[in-house]
Structures are given as structure tokens and as C-alpha cells.
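Architecture and fold: a report
Listed below, chain by chain, are the residues.
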Amino acid sequence: MRLYHFPLSSNARRARMTALQLGVPVEEVVVDLSKGQQRTPEFLALNPAGRVPVLVDGDFVLTESHAIMAYLADLSGPTPLYPAERKERADVNRWLFWSAHHFTPAVSVLNWERLVKGLIGGQPADPKEEERGERLVTECARLLDDHLAKNEWLAQGRLTLADIAVATPLMSTVPARLPVDDRRHLRAWFGRIQELESWKKTNPAR
Ligand SMILES: N[C@@H](CCC(=O)N[C@@H](CS)C(=O)NCC(=O)O)C(=O)O
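These remarks concern the structure in this document.

The subject of this paragraph is the overall build of the protein chain. A tally of regular secondary structure across the protein chain gives eight helices and four strands. Secondary structure of the protein chain in N-to-C order comes out as β-α-β-α-β-β-α-α-α-α-α-α. The C-alpha atoms of the protein chain give a radius of gyration of 17 Å, which matches the 17 Å a tight globule of 206 residues would have. In terms of overall dimensions, the protein chain has a C-alpha envelope of 45 × 45 × 30 Å along the principal axes.

Here it is as C-alpha cells:
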């Protein structure tokens, strides 16, 4: 099984962390986004959207990081990371969808303005977009912090795919200046995630 990724991609990181947490062996293939390798005909044949991650399992090609997480978990057999019981799984799924639909796109706005633009060509950040990103991330961070004030983990009282999915965009907390400094419960939870071997092993600085 091959997992196409880029070390700086938080979307790819959640798939890589999931494989590591589950102990599912995957061959990691780097697609260097900074060199435009996501736009080669070979890669576009795998994912016409030109984005990582992509998982290739035999003749089955799967895109979308949250779907890849669920697929890997199902492949590994019963796992507390992604419970089979209907309501328990729904509890995890709600955070996977929240991550995909709300949190990751919110962080992406600030990531783009404050980090990626600089990396790819030195375009200045657009203050209107920064303001929009600040507002979106602040709303999400408030929701997360309130939940984590009462819960050690996002779902089911233990580490699940929910935590991995939501935590990876926070890898840009410092470079994208995410407005999370005053969210003490969120930061404590993120500290617990950063202690995981799967987080350390997927650190782009390694
Ligand atoms: N919804 C997709 C988003 C994937 C995505 O946007 N990946 C970014 C890296 S974080 C990418 O490959 N960007 C390449 C580009 O925009 O050219 C997922 O969750 O997998």
C-alpha cells in the first residue's frame, strides 16, 4: 500500500499518523508540492484534484484524508481509535466531518495568507483574508476549548481518529499565527497529541 504525501501537509499528516497509530504498514511517497509534482500527469491520473494525500491499495485509489483514515482503521480490524459500535463511531465521525468542513478550511485561510504565499512567491498577505481567517479559527478554537474543558479527548474519553484529524492543522500554530494562545484546554490537549510517537515521527523537521 502506498501513501502519497508531503511532509508540510496537515491533510497528509493525519493519514500518516493514522497509519502509524494503527501499525498499518504503508510505503510513503513524497509528492513535492513546492516543485509542482502534484501537477504531473502521473499524479493527476491518481488524483485529478492534484492534492495529497492519496492512498493506493492494489487497484483501489482513495483520496480525501478523512476517508483514508477511516479506510486504514477498517483495514486494521477492530480498533478503539475508530469504534465499530454505531453511536460510538458516529461520535468520532462528527469530529471527522467537523475537521473536514469547518476546522481545516478555517486554518487553511491563515496558512495560505501567512505561510504558503510567502513560500511560493513572496506575495503579501491579504488583510481582508487574514481577518476572515482569524474570525473563523477563533470561532472553532472557542468551540474546541469549551469541549476540551470538560473532556480530555474529543470523543469517547480516549484518543480516537477524531483527535488526530483535528490536531494536524494545528501544526501551523506558530508560522500561521493561529489565534489559539488563550485557549488553555485546547493547548493542553494539543500538548498530549504532541507527545504521541506518531506526531513526532511525522514532524516535517525530522
Ligand atoms: N480535502 C482534502 C484536501 C487535500 C489538500 O488540500 N491537500 C493540499 C496539501 S495540505 C494539497 O495537496 N495542495 C496542493 C495544491 O493545492 O496544489 C483532504 O482532506 O485530503
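Now, onward.
With that settled, consider the sheet that holds strand β3 (residues 54-57). What the four strands build is an open sheet, ordered β2-β1-β3-β4; its pairing is mixed. The open sheet has two free edges, formed respectively by β2 (27-30) and β4 (60-63), since each of these has just one partner strand. Across the sheet, the mean angle separating the axes of adjacent strands is 20° when strand polarity is ignored. By the bridge criterion, four bridges tie strand β1 (residues 2-5) to β2 in an arrangement that is parallel. Paired with Leu 3 across the bridge in β2 is Glu 28. Sitting on the sheet, helix α1 (residues 10-22) touches β1, β2 and β3, and the angle it makes with β1 is about 150°.

For the rest of this paragraph, the subject is helix α7 (residues 184-194). Listed as buried for α7 are Leu 186, Trp 189 and Phe 190. In a view along the axis of α7, the buried residues occupy a sector of 100°, so they form one face of it. Facing away from the buried side of α7, by more than 90 degrees, are the exposed residues Arg 184 and Gly 191. Tucked into the core, α7 has its buried residues touching α5 (127-150) and α6 (161-167).

Moving on, we come to the site of the ligand. Taken together, Ser 9, Ser 10, Asn 11, Leu 33, Gln 38, Gly 50, Arg 51, Val 52, Pro 53, Glu 64 and Ser 65 make up the full set of residues near the ligand. Among the residues making up the shell around the ligand, the classes are represented as three nonpolar, six polar and two charged.

Here we come to the environment of Pro 53. Note that Pro 53 resides in the loop between α2 (41-46) and β3. Note on Pro 53: 26 C-beta atoms within 10 Å, which makes it buried. Considering only alpha carbons, one finds Pro 53 and Glu 64, 11 residues apart in sequence, at a separation of 6.7 Å. In contact with Pro 53, not counting residues within four places along its chain, are Leu 3, Tyr 4, His 5, Asn 11, Ala 12, Ala 15, Ser 65 and Ile 68.

A few words on α1. Over its 13 residues, α1 extends 18 Å from the first C-alpha to the last, a length consistent with the 18 Å expected when each residue adds 1.5 Å. The element α1 is extensively covered by neighbouring structure, given that 12 of its 13 residues are classed as buried. Positioned one or two residues after α1, Gly 23 has a phi angle of 75°, which is positive.

With that settled, the discussion passes to unusual backbone geometry. Omega for the bond connecting Val 52 with Pro 53 falls within 30 degrees of zero, at 5°, which places this linkage in the cis form. The phi torsion at Gln 156 lies on the positive side, around 60°, for a residue other than glycine. Here Gln 156 shows up in the loop between α5 and α6. The class for Gln 156 is buried, based on 20 C-beta atoms found within 10 Å. Despite not being glycine, Arg 177 shows a phi value in the positive range, around 45°. Inspection of the secondary structure puts Arg 177 in the loop between α6 and α7. You can call Arg 177 partly exposed: it has 17 C-beta atoms within 10 Å.

Attention shifts here to the packing of α5 against α7. The interhelical angle for the contact between α5 and α7, taken along N-to-C directions, is 75°, at an axis separation of 7 Å. The orientation of α5 with respect to α7, classified from their angle, is roughly perpendicular. Taken together, the residues of α7 that come into contact with α5 (itself represented by Ala 141, Leu 144, Asp 145, Leu 148 and Ala 149) are His 185, Leu 186 and Trp 189. Its residues placed into classes, the contact of α5 with α7 shows six nonpolar, one polar and one charged.

Criteria and thresholds
Residues numbered from 1 in each chain as written. Predicted model: local features only at pLDDT ≥ 70, side-chain atom pairs only at ≥ 80, totals over all residues. Helix = DSSP H or I, 4+ residues; strand = E, 2+ residues; numbered from the N terminus. Rg over C-alpha atoms; globule rule 2.2 N^0.38 Å. Pairing = 2+ DSSP bridges. Axes fitted to C-alpha atoms, helices over the stretch in contact; angles between N-to-C directions. Contact = placed C-beta atoms within 7 Å. Buried ≥ 20, exposed ≤ 12 C-beta atoms within 10 Å, placed from the backbone. Arc of directions from axis to C-beta. Near = placed C-beta within 6 Å. Nonpolar A, V, L, I, M, F, W, Y, C, P; charged D, E, K, R; others polar. Expected span 1.5 Å × (residues − 1). Parallel < 35°, antiparallel > 145°, perpendicular 65-115°, else oblique.

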